[in-house]
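Coordinate inspection notes
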Amino acid sequence: MSGGGMAVGGGLGGLVLLLLISALTGQNPADLVNSVGTSSDTVAPGAVPADDPQAQFVSVVLADTEKTWGRLFSESRSGYEAPILVLFSGATQSACGLGQSAMGPFYCPSDQKVYLDLSFFKELDERFGAPGDFAQAYVVAHEIGHHVQTLTGLSSRLQTARQRAGERESNALSVRQELQADCYAGVWGHYAAQEGLLEPGDAEEGLRAAAAIGDDRLQRQSQGTVVPESFTHGSSEQRVEWLRRGLESGSVDSCNTFQ
Ligand SMILES: [Zn+2]
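My aim in this report is to walk through the structure given alongside it, one point at a time.

What counts as what
- Each chain carries its own residue numbering, running from 1 in the direction its sequence is written.
- With pLDDT at 70 or above as the cut-off, local features in this predicted model cover only qualifying residues; side-chain atom pairs require 80 or more to be listed or tallied, and sums for whole chains, interfaces and linings still use all residues.
- Hydrogens and water are ignored here; the side-chain numbers use all heavy atoms of the structure.
- Aromatic pairs are defined between Phe, Tyr and Trp rings, using the six-membered ring for Trp, whenever the two ring centres lie within 6.5 Å; interplanar angles under 30 degrees are classed as stacked, those over 60 as edge-to-face, and all others as tilted.
- The helix and strand labels rest on DSSP assignments: H or I over at least four residues marks a helix, E over at least two residues marks a strand, and numbering proceeds from the N terminus.
- Think of it in three bands: with a 1.4 Å probe and only protein chains considered, a residue is buried below 20% of the maximum accessible area for its type, exposed above 50%, and partly exposed in between.
- For a ring to carry a charge above it, either NZ of a lysine or CZ of an arginine must fall within 6 Å of the ring centroid while also lying within 35 degrees of the normal to the ring plane.
- Only one rule defines a salt bridge in this text: a Lys or Arg side-chain nitrogen within 4 Å of an Asp or Glu carboxyl oxygen.
- Helix axes are fitted to C-alpha atoms over the stretch in contact, other axes to C-alpha atoms as well, and angles between N-to-C directions run from 0 to 180 degrees.
- By definition in this entry, angles of less than 35 degrees are roughly parallel, angles greater than 145 are roughly antiparallel, angles of 65 to 115 are roughly perpendicular, and the rest are oblique.
- Crossing handedness is defined as follows: a turn of the near helix away from the far one that is anticlockwise and smaller than a right angle gives a left-handed crossing, while the clockwise case is right-handed.
- Here, residues are in contact when the closest pair of their heavy atoms is within 4.5 Å.
- Residue polarity is assigned by list, with Asp, Glu, Lys and Arg as charged and Ala, Val, Leu, Ile, Met, Phe, Trp, Tyr, Cys and Pro as nonpolar; anything else, Gly included, falls into the polar class.
- For two strands to be treated as a pair, DSSP must find no fewer than two bridges joining them.
- Take the buried residues of types Ala, Val, Leu, Ile, Met, Phe, Trp, Tyr and Cys, join any two whose side-chain atoms come within 4.5 Å, and each joined set is a nonpolar core.
- Polar contact criterion, stated in full: a pair of N or O atoms within 3.5 Å, where within protein one must be able to donate a hydrogen and the other to accept it, and residues adjacent in sequence count only if both atoms are side-chain atoms.
- A donor here means any N, O or S atom no more than 2.8 Å from the metal (3.2 Å for Na, K and Ca); water is not included, so a site may seem to lack partners.

Moving on, we come to the packing of aromatic side chains. Inspection of every chain in the model, using the stated rule, returns 5 aromatic pairs. Between Trp-69 and Tyr-184, the aromatic rings sit 5.2 Å apart at their centres with planes inclined by 70°, giving edge-to-face as the arrangement. On the criterion of sequence distance, the pair formed by Trp-69 in helix H2 (residues 53-76) and Tyr-184 in helix H6 (residues 167-194) is long-range, its members being 115 residues apart. For Trp-69, a relative accessible area of 2% translates into the label buried. Judged by relative accessible area, Tyr-184 falls into the buried class, the value being 6%. Ring plane angle 10° and centroid distance 5.9 Å describe the contact between Phe-134 and Trp-188, whose orientation is recorded as stacked. You can see Phe-134 sitting in helix H4 (residues 133-151) and its partner Trp-188 sitting in helix H6, a full 54 residues away along the chain. A connected cluster of aromatic rings, assembled from ring pairs, spans Trp-69, Phe-73, Tyr-80 and Tyr-184. If you follow Arg-71 out to its NZ or CZ, it ends over the ring of Tyr-191, 5.0 Å from the centre. Across the ring face of Trp-242, the terminal group of Arg-245 is positioned such that the distance to the ring centre comes to 4.0 Å.

This is how it looks when you write it as structure tokens:
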């Protein structure tokens, strides 16, 4: 996210590089299925079938994040404006450029949309060893965390700061932003648990997913070595720690990763 409207996070950091290779070698982005909808109208006809269980699951998670963040925003700030969810397959245009499945889920601040290829969930399970519905919910809630950062103005302040910073410092700021999105995902999870939406073991699924996509683990898998200065999302330990913090406290104030 160094450029003007670049996507935040690519969702899952080193994954971008990792999967880009497979995309370059075989994926055909031409079978473009572009389904745009809001959380109340999640899937456009002709794209992902409306009765697709995963699409339905994502829309349930999204609706619940709206409820939670709507309430949290009304306590301290003006209203919460929900983002739009775009389910796509292969590739899709976004205000942040071409979005591709290989990038993993991402949020684009310029159009305030969350872009998600449902096939990522399979990847999460089979490639990263993080199966389960709450692992998937965490991924969605993390992207919603970036939307919250956009609404609070943090994203644009950080973007300015990162443009002035050197690479190392810019990466460090990115890590803080990503860890905060993890913590925000945890805050949502805290209230989801209170509502009885979580099953036993769900929190562990989320924490396992957070560990699976830490920069150190991804770098070790893809290049065999770990270069902390190049981290943009945080180590497995950090990601688990901040997700857990949000989950346990349910407090936005506990998510100050910039202190
Ligand atoms: Zn992110």
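Let's pick the thread back up.
Once that is clear, we can look at the pattern of salt bridges. Evaluation of the coordinates by the stated rule reveals 4 salt bridges. Between Arg-127 and Glu-123 there is a salt bridge whose closest N-O contact spans 3.2 Å. Residue Arg-127 is classed as partly exposed on the basis of its relative accessible area, which comes to 41%. The class for Glu-123 is partly exposed, based on a relative accessible area of 24%. For Arg-245, the salt bridge identified is with Glu-241, shortest N-O distance 3.1 Å.

Before going further, it helps to examine the packing of helix H5 (residues 154-164) against H6. Taken N-terminus to C-terminus, the directions of H5 and H6 make an angle of 165°; their axes are 9 Å apart at the nearest point. By the angle between their directions, the pair H5 and H6 is classed as roughly antiparallel. Crossing angle aside, the handedness with which H5 passes H6 is left-handed. Facing H5, whose interface residues are Leu-154, Ser-155, Leu-158, Ala-161 and Arg-162, H6 presents Ser-170, Leu-173, Ser-174, Gln-177 and Gln-180. Among the residues making up the contact of H5 with H6, the classes are represented as 4 nonpolar, 5 polar and 1 charged.

Turning our attention to the environment of Ala-95. As for its placement among the helices and strands, Ala-95 is situated in the loop between strand S3 (91-94) and strand S4 (97-100). Among the residues examined, Ala-95 registers a relative accessible area of 48% and is labelled partly exposed. Linking Ala-95 and Pro-109, residues 14 residues apart in sequence, is a C-alpha distance of 8.4 Å.

In this section: the pairing of strand S6 (residues 113-116). By the bridge criterion, 4 bridges tie strand S2 (residues 84-89) to S6 in an arrangement that is parallel. Counterpart to Val-86 in the pairing with S6 is Tyr-115. Sheet analysis places strand S5 (residues 106-108) next to S6, joined by 3 bridges and oriented antiparallel. By the bridge assignment, Phe-106 is partnered in S6 with Tyr-115. The antiparallel hairpin formed by S5 and S6 contains 4 residues in its connecting segment, where Gln-112 sits at a positive phi of about 50°.

Right, let's talk about the nonpolar core for a bit. Residues Trp-69, Leu-116, Leu-118, Phe-121, Tyr-138, Val-140 and Trp-188 are the most contacted members of the largest nonpolar core, which totals 51 residues. Within the residue set of this core, elements represented by two or more residues are H2, S2, S6, helix H3 (119-126), H4, H6, helix H7 (202-212) and helix H9 (236-249). Filtering out sequence-adjacent residues up to four positions away, Phe-121 remains in contact with Gln-54, Val-58, Leu-116, Gln-136, Val-139 and Val-140.

A few words now on the side chain of Thr-257. Within the secondary structure, Thr-257 sits in the segment after H9. Looking at Thr-257, its side chain comes within polar contact range of the main-chain oxygen of Arg-176, at 2.7 Å. Leave out the neighbours within four places in its chain, and Thr-257 touches Arg-176, Leu-179, Gln-180 and Trp-242.

A separate point is the coordination of the zinc ion. The protein atoms that coordinate the zinc ion are His-142 (NE2), His-146 (NE2) and Glu-178 (OE), at distances spanning 1.9 to 2.1 Å. Here the donor residues of the zinc ion share one chain and are spaced in sequence as H-x3-H-x31-E. Highlighted residues: His-146 in helix H4 and Glu-178 in helix H6, separated in sequence by 32 residues.

Purely spatial values, then, with no claim about function.
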